[in-house]
Amino acid sequence: MLVWENIKLAMNGLFSNKMRSLLTMLGIIIGIGSVIAIMTVSSSLTNSITDTFAELGANNVTVGVQKQSEEQETRSNGMKFGTSNRDISMEEEDYITDEMIEQVKTQFSSQIDSISLSESEGSGTVERNSNSANITLTGINQGYYDANDVCLVDGRYLTSADVEGNKSVIMVSDKVIENVFDGDTSAALGQKINVSIDDVYYTFYIVGVYEYEADSDSFSSDSEEDVTTSAYIPITTGKEIFHGEDGYSQFTIVTSSSVSSVTDFASDIEDYMNLQFYHSNEDYQISTTTMSSMTSSMNSMIQTVSIAIAFIAGISLLVGGIGVMNIMLVSITERTREIGTRKALGAKNSSIRLQFIIESVVLCLVGGLLGIAVGLILGSIAASVLGYSATAPVMAIVISVLFSMIIGVFFGYYPANKAAKMDPIEALRYE
């Protein structure tokens, strides 16, 4: 009951001296507001990065052939790096074969949803009558769509039958259709087009059209009409007509939902393939990398920087706490006769001490709550300007409230203790 009465007294004192209270809380408001704003932007940026990497395939594992090195280091994303003085190039036996991939799928069948294969065949143009469009031709298998975001507009995706039959079919972007077929996707399906690569013409039939999405992070000097988009053909067709290697330098595994740690799974794949297929290869080995490890590394870096900046901004809380202590000392001086009267009527030192500590805590708590509101508003504005959706840092808000109360107790104890130790006779004589 005594605590509640002291809280009401503190609130009455706060509202009866609004301007003085506001100026006293200003340091707390600025400090808490700065920390919350920084953590809001950090949280929004972290969520944006996580969502972006998830769209790119956060659960994907890229497996590739890498030159061995005597001096290696393993980065946080799981990829091994090193230097080597040996001048070597990949031979036929160094590539990953279809048999290796099938054996990996069998060994880890419950953990693999699909395998994505892709191989660049070069850049060129799609030509039909007098119209043309720029493309980069890529050979893929049906698993490529599981690892990459390709949105179908019309027609169909490339199928396993296309891959197994080495069919001369192609999937192009809606930009190609706009340039070559005046935007009529229905008229384009099933039509024959010529693809010019290095001045050699290859004939394909359009079976599907996907939606082209420009990369917002990259700049291109090309006009909308001249933009270069990807065109997909069966990977077996690409190897046949472009005389590519029988094997692959890399492939991507799309993991199943049963995989709890993509990083650990990637390590298992790496160890298995090196032991099974590359243990006797003196020049090359298998290395893996994952989007999830890159995401964790990136988020960890952002959070570290944000905490460092927030800590610097939080120094203003020290200034705010000193301001609270100063105003409490002034308040005690102004209320010396009140303190003397209370002690003369039998109030204990602990009651006087509790009264002023509660006043200090209430002052800091109200300032902290105002700081949180200011921080969330500023953080939301900053996140919006940067193009991210604002995300409230719940943990930072809880910590801020608790920290405000701790500041109130810490900086309020000395004035409260000074008031509690006053001599009631001297206090009553104070003018």
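Here we summarise the structure given alongside this text. (Residues numbered from 1 in each chain as written. Predicted model: local features only at pLDDT ≥ 70, side-chain atom pairs only at ≥ 80, totals over all residues. Heavy atoms only, no water.)

**Thoughts on a nonpolar patch on the surface**
At step 1: Taken together, Val 394, Met 395, Val 398, Ile 399, Leu 402, Phe 403, Met 405, Ile 406 and Phe 410 make up a surface patch of nonpolar side chains, about 900 Å² in accessible area.
At step 2: Structurally, Met 405 can be placed in helix α14 (residues 394-420). (Patch = residues over 30% accessible without salt bridge, like charges linked within 9 Å, V, L, I, M, F, W, Y side chains within 5 Å. Areas by Shrake-Rupley, 256 points an atom, 1.4 Å probe, with all protein chains shown as cover. Salt bridge = Lys/Arg side-chain N within 4 Å of Asp/Glu carboxyl O. Helix = DSSP H or I, 4+ residues; strand = E, 2+ residues; numbered from the N terminus.)

**Looking at helix α6 (residues 174-181)**
At step 1: The buried count for α6 comes to seven of eight residues, which makes it a mostly enclosed element.
At step 2: Trailing α6 by a residue or two, Asp 182 shows a phi angle of about 55 degrees, which is positive. (Buried < 20%, exposed > 50% of the residue type's maximum accessible area, 1.4 Å probe, protein only.)

**With respect to the sheet that holds strand β4 (residues 112-116)**
At step 1: Pairing is antiparallel in the open sheet, where four strands are placed in the order β4-β12-β1-β13. A strand with exactly one partner marks an edge of an open sheet, and here the two such strands are β4 and β13 (284-290). Here the average twist between neighbouring strands, direction ignored, is 25 degrees.
At step 2: Here strand β1 (residues 60-67) pairs with β13 via seven bridges, running antiparallel. (Pairing = 2+ DSSP bridges. Axes fitted to C-alpha atoms, helices over the stretch in contact; angles between N-to-C directions.)

**Section: the pairing of strand β11 (residues 229-234)**
At step 1: Of all the six residues making up β11, five are buried; the element is thus mostly covered by neighbouring parts of the structure.
At step 2: Pairing of strand β6 (residues 131-140) with β11, which is carried by six bridges, proceeds in the parallel orientation. Looking across to β11, one finds that Thr 136 is bridged to Ser 230.

**A few points about a negative patch on the surface**
At step 1: A cluster of acidic side chains, namely Glu 91, Glu 92, Glu 93, Asp 98, Glu 99, Glu 245 and Asp 246, defines a negative patch on the protein surface.
At step 2: Along the chain, Asp 98 falls in helix α3 (residues 98-107). (Lys, Arg positive; Asp, Glu negative; His and termini not counted. Charge placed at Lys NZ, Arg CZ, Asp CG, Glu CD.)

**Comments concerning the side chain of Glu 119**
At step 1: Mapped onto the fold, Glu 119 is located in strand β5 (residues 118-128).
At step 2: Here Lys 239 takes part through its side chain, which lies 2.9 Å from a polar atom of the side chain of Glu 119.
At step 3: Residue contacts for Glu 119: discarding those within four places in its chain leaves Leu 137, Thr 138, Gly 139, Ile 235, Lys 239 and Gly 247. (Polar contact = N/O pair within 3.5 Å; in protein donor to acceptor, adjacent residues only side chain to side chain. Contact = heavy atoms within 4.5 Å.)

**A few points about the pattern of salt bridges**
At step 1: The full count for this structure, using the stated rule, is three salt bridges.
At step 2: Between Lys 239 and Glu 119 there is a salt bridge, with the nearest N and O atoms lying 2.9 Å from each other. One end of the pair, Lys 239, is in helix α8 (residues 235-242); the other, Glu 119, is in strand β5, and 120 residues separate them in sequence.
At step 3: Here Asp 162 makes a salt bridge to Arg 156, at a shortest N to O gap of 2.7 Å.

**Here we look at the side chain of Glu 121**
At step 1: If you trace the backbone, Glu 121 turns up in strand β5.
At step 2: Buried charge without a partner: Glu 121 forms no salt bridge, and the closest opposite charge is Lys 239, 6.7 Å away.
At step 3: Not counting chain neighbours up to four residues away, the residues in contact with Glu 121 comprise Leu 137, Thr 138, Gly 139, Ile 197, Ile 233, Gly 238, Lys 239 and Phe 242.

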